[in-house]
Amino acid sequence: MHELSIVMSILETAKNELSKVKESSIESIELEIGLLSGIEIDALNFAWKISVENTVLQNAKKIICRPEGIAKCTICNKKFKIDSLFDPCPFCYSFNKKVISGKELKIKRLTVL
Ligand SMILES: [Zn+2]
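These figures come from a predicted structure and were not determined experimentally.

1. Description of the coordination of the zinc ion
Argument step 1. Distances from the zinc ion to its protein donors, Cys 73 (SG), Cys 76 (SG), Cys 89 (SG) and Cys 92 (SG), fall at 2.3 Å.
Argument step 2. Note that the zinc ion binds 4 donor atoms; their angles at the metal cover 104 to 117 degrees, and the shape is tetrahedral.
Argument step 3. In the primary sequence, the donor residues of the zinc ion line up as C-x2-C-x12-C-x2-C. Of this pair, Cys 76 sits in the loop between strand 3 (69–73) and strand 4 (79–82) while Cys 89 sits in the loop between strand 4 and strand 5 (97–101), placing them 13 residues apart in sequence.
Argument step 4. Accessibility expressed as a relative area gives 28% for Cys 76, which makes it partly exposed.
Argument step 5. On the accessibility criterion, Cys 89 (0% relative accessible area) is buried.

2. Notes on the nonpolar core
Argument step 1. Counting 19 residues, the largest nonpolar core has Trp 48 and Leu 57 as its most contacted members.
Argument step 2. Contributions of two or more residues to this core are made by helix 1 (2–21), strand 1 (26–33) and helix 2 (41–51).
Argument step 3. Here the element with the most residues in this core is helix 1; it accounts for 6 residues.
Argument step 4. Residues in contact with Leu 57, not counting those within four places in the same chain, are Ile 10, Leu 11, Ala 14, Ile 26, Ile 29, Trp 48 and Val 52.
Argument step 5. Core analysis: the second largest hydrophobic core is formed by 6 residues, Leu 36, Ala 71, Cys 73 and Cys 89 among them.

3. Quick notes on the sheet that holds strand 1
Argument step 1. Reading across from one edge, 2-1-6 is the order of the 3 strands in this open sheet, with mixed pairing throughout. Single-partner strands in this sheet number two, and they are strand 2 (61–65) and strand 6 (105–112). Within the sheet, the average angular offset between the axes of one strand and its neighbour, ignoring direction, is 20 degrees.
Argument step 2. Direction of pairing for strand 1 relative to strand 2: parallel, over a ladder of 5 bridges. Residue pairing across strands places Glu 32 opposite Cys 65, the latter belonging to strand 2.
Argument step 3. Contacts from helix 1 reach strand 1 and strand 6 within the one sheet, and its direction differs from that of strand 6 by about 40 degrees.

What counts as what
Residues numbered from 1 in each chain as written. Predicted model: local features only at pLDDT ≥ 70, side-chain atom pairs only at ≥ 80, totals over all residues. Heavy atoms only, no water. Donors = N, O, S within 2.8 Å, 3.2 Å for Na, K, Ca; no water. Tetrahedral: all angles 85-135°; square planar, octahedral: opposite > 155°, others 65-115°. Helix = DSSP H or I, 4+ residues; strand = E, 2+ residues; numbered from the N terminus. Buried < 20%, exposed > 50% of the residue type's maximum accessible area, 1.4 Å probe, protein only. Core = buried A, V, L, I, M, F, W, Y, C linked by side-chain atoms within 4.5 Å. Contact = heavy atoms within 4.5 Å. Pairing = 2+ DSSP bridges. Axes fitted to C-alpha atoms, helices over the stretch in contact; angles between N-to-C directions.

Pasting the structure below:
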């Protein structure tokens, strides 16, 4: 399961950050998981539950932000919302675009006690 390896890497990062500030537990963790990232939140939550026991994230409150897909057309330079990575520009129908948002998969904020 892809989501499990993601949770493991989040956990690894959280541990590293915690050791830097010499604290022992994390109060909350804010994740940014774009709607186009391909991550299934249910699977992620499940992986989370089985992975964080007896770790620094055990009692951490998990907050998930889901930025929507936004792309910028490289032909007409307009910005538009996309539901899939294969959506064309609605203005000029070009498929040449740059995805600006929606593919995020990162830890946005960690709060320590
Ligand atoms: Zn366009």
